[in-house]
Each structure stands twice: as structure tokens, then as C-alpha cells.
Amino acid sequence: ERTDGILYGTAAGLGFATMLNIHYVVDSGGVDLAMGVIRVVVTALAQASFAGISGYFLARARFEEEPVWWLPLGLTVAAVMNGVFAVVRGSVTRTGSALAGHTANPWYSLFLAAVVAGLVFAVLMALVRRSIQMTIGAGPELPPAGQRPDAGSESGVVLGTGAG
């Protein structure tokens, strides 16, 4: 189904986020537990969302007649969103949220990163709802009223209905 692409993309994004978080902890020589947990959660949410968007584009390409540029567009959208997320999180972490007039405080950067990740997640949820509606609308045709689904089977095998 169309939603499977989103789910598989999200799972791949969580795997990628896990590797990013391990890399961050190892490179930092350890992290403060409170800040580490927040960063892990925000990174996981963001990467799962970006990869879910890639999965959406992949699923649309699989189940619909999309132009040849559709998949590269999906990859580009996810890469740009990931880049914007990384730049915003990195610049706010280094400057200490100078936009808000505060001194260096990592909580502000993580709050901003969480907002960006949450917005992408909201877009992803809207895409999931749209995908589900498209799947429901393109469901299998039902046989005419009163006709069994296995009627006219060429195999000669009659499937039981489970009744009686």
C-alpha cells in the first residue's frame, strides 16, 4: 500500500538517526544525560520525518504513474529539509540563540530543532492521511450484490465462507 513507503522510510530514518546519535556521543566523549536524551529524541523525530517524506515519494512512484523526475524530487526535498534542520540546529547551538537575545544555552537550540522536526512530522501525518484516502478510494472492486467473490473461478476450487 502507499502508506508502507512512508512506514519503511520512517524506519530507515530511525536507523540513520541511531547512527547519528551514536556518532555524536562517541565524538563528544560522552554527553550530559539530560541534553543527550533531548538531542536523541529530536534527531530521531527529525530523521524519521525526513525519511518518511522520501518514502512517500517512493510509494507514489510505485503505485501511481509519476514522471521520471518524481523520485529525484523526493530525495531533493528530504535532503534540503535535512540540511536546513542541521544548519538551524548547528547555528543556534553555536550562537546560543542570539535571535532571542539569550546567551549560549543549548535548550534553545533543542527547542528550535524540536519545532522544526514537529512541523515536518505534521506535514508527514497529512501525507499519511492523504495516502490512506487515496488507498481507500482505489480499493478493489466489489462483486455485484448477491454474487460470491469466487463465482466464475476457473480453478474449480470453492473457498469456504466459514459459515456453518
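Criteria and thresholds
- Residues numbered from 1 in each chain as written.
- Predicted model: local features only at pLDDT ≥ 70, side-chain atom pairs only at ≥ 80, totals over all residues.
- Heavy atoms only, no water.
- Helix = DSSP H or I, 4+ residues; strand = E, 2+ residues; numbered from the N terminus.
- Buried < 20%, exposed > 50% of the residue type's maximum accessible area, 1.4 Å probe, protein only.
- Areas by Shrake-Rupley, 256 points an atom, 1.4 Å probe, with all protein chains shown as cover.
- Core = buried A, V, L, I, M, F, W, Y, C linked by side-chain atoms within 4.5 Å.
- Contact = heavy atoms within 4.5 Å.
- pLDDT = per-residue confidence, 0-100.
- Patch = residues over 30% accessible without salt bridge, like charges linked within 9 Å, V, L, I, M, F, W, Y side chains within 5 Å.
- Salt bridge = Lys/Arg side-chain N within 4 Å of Asp/Glu carboxyl O.
- Phe/Tyr/Trp six-rings, centres within 6.5 Å; stacked < 30°, edge-to-face > 60°.
- Lys NZ or Arg CZ within 6 Å of the ring centre and 35° of its normal.

Undergrad: Kindly report on the overall build of the protein chain, identifying the contributing residues and their values.
TA: The number of helices and strands found in the protein chain is four helices and zero strands. From first element to last, N terminus to C terminus, the protein chain shows the α and β order α-α-α-α. Within the protein chain, the fraction of its 164 residues that count as buried is 29%. Approximately 10,600 Å² of the protein chain is accessible, and the part contributed by carbon and sulfur atoms is 68%.

Undergrad: With reference to specific residues and values, describe the nonpolar core.
TA: In terms of nonpolar packing, the biggest core is built from 14 residues, with Ile6, Ala46, Phe50, Ile53, Tyr56, Phe57 and Phe85 touching the most fellow members. At the level of secondary structure, the elements contributing two or more residues to this core comprise helix 2 (33–63), helix 3 (70–95) and helix 4 (106–137). In this structure Tyr56 touches Gly5, Ile6, Leu127 and Arg130, once residues within four positions along its chain are discounted.

Undergrad: Account for the confidence of the model for the protein chain, with residues named and values stated.
TA: Per-residue confidence for the protein chain gives a mean pLDDT of 76; residues scoring 70 or more make up 71%. Element-level mean pLDDT values for the protein chain span from 76 in helix 4 up to 88 in helix 1 (residues 2–28). Below pLDDT 50 for its whole length, residues 96–100 participates in seven contacts with residues either more than four positions away or in separate chains.

Undergrad: Any details on a nonpolar patch on the surface? Residues and values, ideally.
TA: Together, Met19, Ile22 and Val26 give the surface a local cluster of nonpolar side chains, amounting to about 310 Å² of exposed area. Its place among the elements puts Met19 in helix 1.

Undergrad: Let's hear about the pattern of salt bridges: which residues, and what values?
TA: Taken as a whole and assessed by the stated rule, the structure comprises two salt bridges. Linking Glu64 and Arg60 is a salt bridge whose minimum nitrogen-to-oxygen distance equals 2.8 Å. Looking at Glu64, the relative accessible area reads 18%, which means it is buried. With its nearest N and O atoms 2.6 Å apart, the salt bridge here joins Glu66 to Arg60. Residue classification places Glu66 among the partly exposed residues on the basis of a relative accessible area of 22%. For Arg60, a relative accessible area of 12% corresponds to the buried category. One connected set of salt bridges, linked through shared partners, spans Arg60, Glu64 and Glu66.

Undergrad: Describe the environment of Met35, naming the residues involved and giving the relevant values.
TA: Turning to its location among the elements, Met35 is positioned in helix 2. Linking Met35 and Trp107, residues 72 residues apart in sequence, is a C-alpha distance of 7.8 Å.

Undergrad: Give a description of the packing of aromatic side chains that names residues and reports values.
TA: Per the counting criterion, the structure on display carries four aromatic pairs. Between Phe50 and Phe85 the ring centres are 5.8 Å apart and the planes differ by 70°, which places this aromatic pair in the edge-to-face class. Separated by 35 residues along the polypeptide, Phe50 in helix 2 and Phe85 in helix 3 bring together distant segments of the chain. In this structure, Phe50 and Phe85 share a single accessibility class: buried. Each ring, one from Phe57 and one from Trp70, has its centre 4.7 Å from the other, and the planes form 35°; the classification is tilted. One end of the pair, Phe57, is in helix 2; the other, Trp70, is in helix 3, with 13 residues separating them in the sequence. Take Phe57 and Trp70: they sit in the same class, and that class is buried. Among the aromatic residues, ring-to-ring pairing joins Tyr56, Phe57, Trp69 and Trp70 into one connected group. Cation over ring: Arg62 sits above Phe63, and NZ or CZ is 5.1 Å from the ring centre.

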